[in-house]
Amino acid sequence: RTNSSYKRWDEARKNWGMNINHTRDLVRMGTAFYDKTGVTDEQRKKDLQALSLATWSFVRAMKRHLSPEQEDEQDFRRELH
């Protein structure tokens, strides 16, 4: 039983890490492939910040979804609003 529990925990840990890495990759790719043609530096910065916030919000919401119902509620609401 202990080995099975550890395997499940380790698999979840690996999946969570992979998810974090994929969201970082998304932001990195957005930054690298952003077409600056006809866009001000200010608009580019604003667009990339929105991308970063959206990917962070997704991961944060998923963490909240996986946590016990009241464990993280206040922090979650404060961070997203």
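No experiment lies behind these values; they were computed from the predicted model shown.

## Some thoughts on the packing of aromatic side chains
Under the counting rule described, the total for this entry stands at one aromatic pair. Each ring, one from Tyr 6 and one from Trp 9, has its centre 5.7 Å from the other, and the planes form 35 degrees; the classification is tilted. Taken together, the positions of Tyr 6 and Trp 9, both in helix 1 (residues 2-33) and three residues apart, correspond to about one turn of that helix.

## Concerning the side chain of Asn 19
Assignment of secondary structure puts Asn 19 in helix 1. In this structure Asn 19 comes out as buried when scored by relative accessible area, which is 17%.

## Description of helix 1
A rise of 1.5 Å per residue sets the reference length of helix 1, with its 32 residues, at 46 Å; its end C-alpha atoms lie 46 Å apart and thus fit the reference within 8%. Its buried side turned inward, helix 1 meets helix 2 (41-66).

Rules behind the numbers
Residues numbered from 1 in each chain as written. Predicted model: local features only at pLDDT ≥ 70, side-chain atom pairs only at ≥ 80, totals over all residues. Heavy atoms only, no water. Phe/Tyr/Trp six-rings, centres within 6.5 Å; stacked < 30°, edge-to-face > 60°. Helix = DSSP H or I, 4+ residues; strand = E, 2+ residues; numbered from the N terminus. Buried < 20%, exposed > 50% of the residue type's maximum accessible area, 1.4 Å probe, protein only. Expected span 1.5 Å × (residues − 1). Contact = heavy atoms within 4.5 Å.

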